[in-house]
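# Fold and geometry: a report
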Amino acid sequence: MKSLLLCLGILLVSAHGHSADLAKGQALSSQCSVCHGKNGIAKDPESPNLAGQGAYYLEKAMVDYQKGMRQDRRMSIIAQALSLEDIKNLAAWYAAFELTVKEPSL
Ligand code: HEC
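Residues numbered from 1 in each chain as written. Predicted model: local features only at pLDDT ≥ 70, side-chain atom pairs only at ≥ 80, totals over all residues.

### What to know about the overall build of the protein
In terms of regular secondary structure, the protein is built from six helices and zero strands. Helices (α) and strands (β) of the protein occur, in sequence order from the N terminus, as α-α-α-α-α-α. Among the 106 residues that make up the protein, the fraction classed as buried is 17%. Counting only contacts in the protein whose residues sit at least 6 apart along the sequence, the fraction spanning at least 24 positions is 62%. (Helix = DSSP H or I, 4+ residues; strand = E, 2+ residues; numbered from the N terminus. Buried ≥ 20, exposed ≤ 12 C-beta atoms within 10 Å, placed from the backbone. Contact = placed C-beta atoms within 7 Å.)

### Here we look at the confidence of the model for the protein
For the protein, the average pLDDT comes to 89, and 83% of its residues sit at 70 or higher. Contacts from residues 10–15, a stretch scored under 50 in pLDDT, to residues over four places away or in other chains number zero contacts. (pLDDT = per-residue confidence, 0-100.)

### Quick word on the environment of Gln26
Here Gln26 shows up in helix 2 (residues 22–28). Residue Gln26 is classed as partly exposed on the basis of its C-beta count, with 15 C-beta atoms lying within 10 Å. Each C-alpha atom of the pair Gln26 and Asn89 lies 8.1 Å from the other, and the pair is 63 residues apart in sequence.

### Description of the packing of helix 4 (residues 55–67) against helix 6 (residues 84–95)
Relative to each other, helix 4 and helix 6 sit at 140°, their axes nearing to 8 Å. Put simply, helix 4 runs oblique to helix 6. The handedness of the crossing between helix 4 and helix 6 comes out as right-handed. Residues Ala55, Leu58, Glu59, Met62 and Val63 of helix 4 pack against Ile87, Lys88, Ala91, Ala92, Tyr94 and Ala95 of helix 6. Looking at the contact of helix 4 with helix 6, its residues break down into nine nonpolar, no polar and two charged. (Axes fitted to C-alpha atoms, helices over the stretch in contact; angles between N-to-C directions. Parallel < 35°, antiparallel > 145°, perpendicular 65-115°, else oblique. Left-handed = near helix turned anticlockwise from the far one by under 90°. Nonpolar A, V, L, I, M, F, W, Y, C, P; charged D, E, K, R; others polar.)

### Thoughts on helix 4
Given a rise of 1.5 Å per residue, 13 residues ought to cover 18 Å, and the 18 Å separating the end C-alpha atoms of helix 4 matches this to within 8%. For helix 4, the full list of buried residues reads Leu58, Ala61, Met62 and Tyr65. Projection of helix 4 onto a plane perpendicular to its axis shows the buried side chains occupying an angular sector of 90°, all on one side. Across helix 4 from its buried face, at more than 90 degrees, point the exposed residues Tyr56 and Lys67. Looking at the buried positions of helix 4, the neighbouring elements they touch are helix 5 (75–80) and helix 6. (Expected span 1.5 Å × (residues − 1). Arc of directions from axis to C-beta.)

Below you can see the structure in the form of structure tokens.
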């Protein structure tokens, strides 16, 4: 039993890779805040909110801009300057915001 738990532990740790660094994500996010807001809630009407969005989705969006699978006159340029590590850290940072939602009443 002990060795099974140990195996599971190792599997979990290795599946996680080196985990994202929130502090680095926060530092990088200062260059995003003009459009996406300091707290990930956009003030610019053309920019989407990033706060509370899934890390996988955010990461994929940035990689897509980088590879040209998704194009935008601003994001395609911005994404070019990011390393994959930057992307992971930024995605983790915005995904870590907790949102509360309230359904509209009719
Ligand atoms: C000059 C304004 C601007 C800046 C600065 C900016 N963005 Fe954006 N971002 C946008 C706009 C506009 C879109 C929507 C583009 C589109 O329609 O595809 C967008 C889209 C995105 C998306 C896709 C979101 C979704 O819901 O699909 C991500 C992720 C993102 N930006 C991350 C970042 C990060 C991280 C930074 C900082 C490194 C950053 N952006 C800086 C304007 C900006």
